[in-house]
Amino acid sequence: MLDLVFVSASGKTVIIDWKVTKGLGDYRQQMLVYALAVTRSTSWQSVGPDYVELYEVNLLKDDVRRHGITREMLDEAEDFAYGSLFELQALIDGRTYEDLDLNEFEIPEKPIICQYCTLAPLCTRLLIEAGRPEAAAVIQGRLF
Ligand code: SF4
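Below you will find a few notes about this structure.

The rules behind each value
- Residues numbered from 1 in each chain as written.
- Predicted model: local features only at pLDDT ≥ 70, side-chain atom pairs only at ≥ 80, totals over all residues.
- Near = placed C-beta within 6 Å.
- Helix = DSSP H or I, 4+ residues; strand = E, 2+ residues; numbered from the N terminus.
- Nonpolar A, V, L, I, M, F, W, Y, C, P; charged D, E, K, R; others polar.
- Axes fitted to C-alpha atoms, helices over the stretch in contact; angles between N-to-C directions.
- Parallel < 35°, antiparallel > 145°, perpendicular 65-115°, else oblique.
- Contact = placed C-beta atoms within 7 Å.
- Pairing = 2+ DSSP bridges.
- Core = buried A, V, L, I, M, F, W, Y, C linked by C-beta atoms within 7 Å.
- Buried ≥ 20, exposed ≤ 12 C-beta atoms within 10 Å, placed from the backbone.

## Overview of the site of the ligand
All residues adjacent to the ligand are Ile107, Pro108, Ile113, Cys114, Cys117, Leu119, Ala120, Cys123 and Ile139. Elements with a minimum of two residues in the shell around the ligand: helix H3 (111-115) and helix H4 (120-129). For the shell around the ligand, the residue count by class is nine nonpolar, no polar and no charged.

Structure representation (C-alpha cells):
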C-alpha cells in the first residue's frame, strides 16, 4: 500500500514510502511497483517516469533514499509483478484458501524474505496449527 503520494510545487508526482526497520533492505523493486501503479492509475495525472520521484524514508535511521526511475525500470517492474502473479496462480492452481494445504508450501530459503514479511505473525501461528512448529521457529528466528 502506498504511504504518501502528492504532486509537488514543481509538478512532479512524489511517492514516499515510510520504513521503520533497523536492518538494511532493498526496497527498490517495491518502490518501482508503486511507481508503476501511479503511472497507470487514472486517479493521478497521466505521468511518465520523468515526472515521478521515489523516496524511501527510514524513520528509525533518519535516512532518506531517493530511487531512480526510468521507462526500462518500470518495464522490469511490470515483468516482475506479472511474473509473481503467474507464480502465485501456478502455486494455488485455482483453489480457494479453504482448499489449500499449508504443508504443500515451503518457507523461503532467503531469510530476508520473511524478515520483511508483514504476514509473519499470521504465518507462524498457522504453521504451528498445521503441526509445523519447526518451520514457525525458523521464521521467528529470522524476525529479530
Ligand atoms: S513469514 Fe511466512 S508468509 Fe511471510 S515470507 Fe516467510 S514463509 Fe512466507
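## Concerning the packing of helix H1 (residues 28-40) against helix H2 (residues 71-92)
Put simply, H1 and H2 touch, their axes get as near as 9 Å, and they point 100° apart. Comparing their axes, H2 and H1 come out roughly perpendicular. Mapping the contact onto sequence places Gln29, Leu32, Val33, Ala35, Leu36 and Thr39 in H1 and Met73, Leu74, Ala77, Glu78, Phe80 and Ala81 in H2. Split by residue class, the contact of H1 with H2 holds nine nonpolar, two polar and one charged.

## A word on the sheet that holds strand E4 (residues 63-67)
One open sheet accounts for four strands, arranged E1-E2-E3-E4; its pairing is mixed. Strands at the two margins of the open sheet, each flanked by one partner only, are strand E1 (4-7) and E4. The sheet shows a mean angle of 20° between the axes of neighbouring strands, taken without regard to direction. Strand direction decides the pairing type here: strand E3 (residues 52-58) and E4, joined by five bridges, are antiparallel.

## Focus on the nonpolar core
Grouped together as the largest cluster of nonpolar side chains are 10 residues: Ile15, Met31, Leu32, Tyr34, Ala35, Leu36, Val52, Leu54, Ile69 and Ala77. Breaking this core down by element, the ones donating at least two residues are H1 and E3. Examining the composition of this core, we find that five residues originate from one element, H1, more than from any other. Discounting chain neighbours no more than four positions away, the residues touching Ala77 are Gln29, Leu32, Val33 and Leu36.

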